[in-house]
Structures are given as structure tokens and as C-alpha cells.
Amino acid sequence: MDTVGWWSLVRFAHVAGAALWVGGQLALTLVILPLARHLLAPEAKDRFTAAAGRRFGMLTGALFLPAQLATGWAMAWHRGVTWASLAEPGYGRTLATKLALFAVVMLAAAGHGIAHAKGRADLARILAVVSLVGSLGVVLLATALPAT
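What counts, and at which threshold
Just so you know, the residues in each chain are numbered from 1, in the order the chain's sequence is written. With the structure being a predicted model, the display of local features is reserved for residues of pLDDT at least 70 and the display and counting of side-chain atom pairs for 80 or more, all residues being used for whole-chain, interface and lining totals. Excluding hydrogens and water, the side-chain values take into account all heavy atoms of the structure. What makes a salt bridge here is a side-chain nitrogen of Lys or Arg within 4 Å of a carboxyl oxygen of Asp or Glu, nothing more. Residue burial is assigned from relative accessible area. The probe radius is 1.4 Å, only protein chains are included, and a residue is buried under 20% of its type maximum, exposed over 50%, and partly exposed in between. Stacked, edge-to-face and tilted labels apply to pairs of Phe, Tyr and Trp rings (six-membered ring for Trp) whose centres lie within 6.5 Å, assigned for plane angles under 30 degrees, over 60, and everything in between, in that order. Per the convention used, a helix needs a DSSP run of H or I reaching at least four residues, while a strand needs a run of E reaching at least two, with both numbered from the N terminus.

Caption draft 1: How the structure looks around the pattern of salt bridges. The tally for this structure, following the rule as stated, stands at 3 salt bridges. With a shortest N-O distance of 2.9 Å, Asp-46 and Lys-45 are connected by a salt bridge. We classify Asp-46 as partly exposed; its relative accessible area is 42%.

Take a look at the structure:
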């Protein structure tokens, strides 16, 4: 137990939040929504998918995003990351790229919700794919960063 300290718990919360976000996106995309399309009548499918999307969005806004921002900021502070260090090769640039991609993912996810609410299904689908692919990219970049 000597190796599990405070910063391990902070990192665990960060990784668990990412797993929840990306795993939720993959579960919705690959399992839940295809089954809803296959098993439910069109009207029931639309209500179900809208409700599932709203619930995932609420969990993201209430739990995932605050936890990711707080734990990410804490780990950066612990490592001594500064705005200037984000331009440095290696850790800094990888983290800066990850942060920029995370911002794109959050904008795409928000845009997906807005497009879906306005009945723009094609745009909502494109933004969902952008968000999912971007999320996988964030996870890939995170694996390139050494533990803090």
C-alpha cells in the first residue's frame, strides 16, 4: 500500500472519469442505440434515444466534466505545469495537444446536444462521431503522458 498515495487517488479519479466518458460514448454508440433502433418502434426509439442522450449529458455536466477539470488541474499543478511549459517539447506539448483536443471534444458534444434538440439529425450524428473519435484521441495522448 506504500505506492497508493494521495496523487494516485487523484490520478485514479481522472482516469475513472475518462473511462466513464469514453466507455459511455462507446456503449451508447455500439450497443444501446443499435439495439434501440432494432427493437423499438420509431416513436419509442426517438424518445428513448433522446432520454438516454439527455441523461448522459447531465451526468457529463454534473459529474464528469467537473471531476476531469479538477483532477486534471490538480495533476498539472502537482507536476509544476505552467502556461510556458505547455509550449515545451515532450510532456508540455503532449499535454497542450490533449487539452486542445479535449476542448474540441467538449464543443462537439455540446454541439451534438444542440443539433439533436433542434432536429438536425445529420449534424448531430457528425458531431457525435467527432466527439467519440476525439475522445479516443484524448485517451491516446493521455497514455503518452508519464504518471504524476
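Caption draft 2: Region of interest: the packing of aromatic side chains. In the structure shown here, the tally under the stated rule is 4 aromatic pairs. For the ring pair Trp-7 and Trp-77, a centre distance of 6.3 Å and an interplane angle of 40° mean the geometry is tilted. Taken together, the positions of Trp-7 in helix α1 (residues 6-39) and Trp-77 in helix α2 (residues 42-79) put the pair 70 residues apart, joining distant regions of the chain. With 5.0 Å between their ring centres and 10° between their planes, Trp-21 and Phe-64 make a pair best called stacked. Placement of Trp-21 in helix α1 and of Phe-64 in helix α2 is noted, with a sequence separation of 43 residues between them. A single burial state applies to Trp-21 and to Phe-64, both of which are buried. Through successive ring pairs, a cluster of aromatic residues spans Trp-21, Phe-56, Phe-64 and Phe-102.

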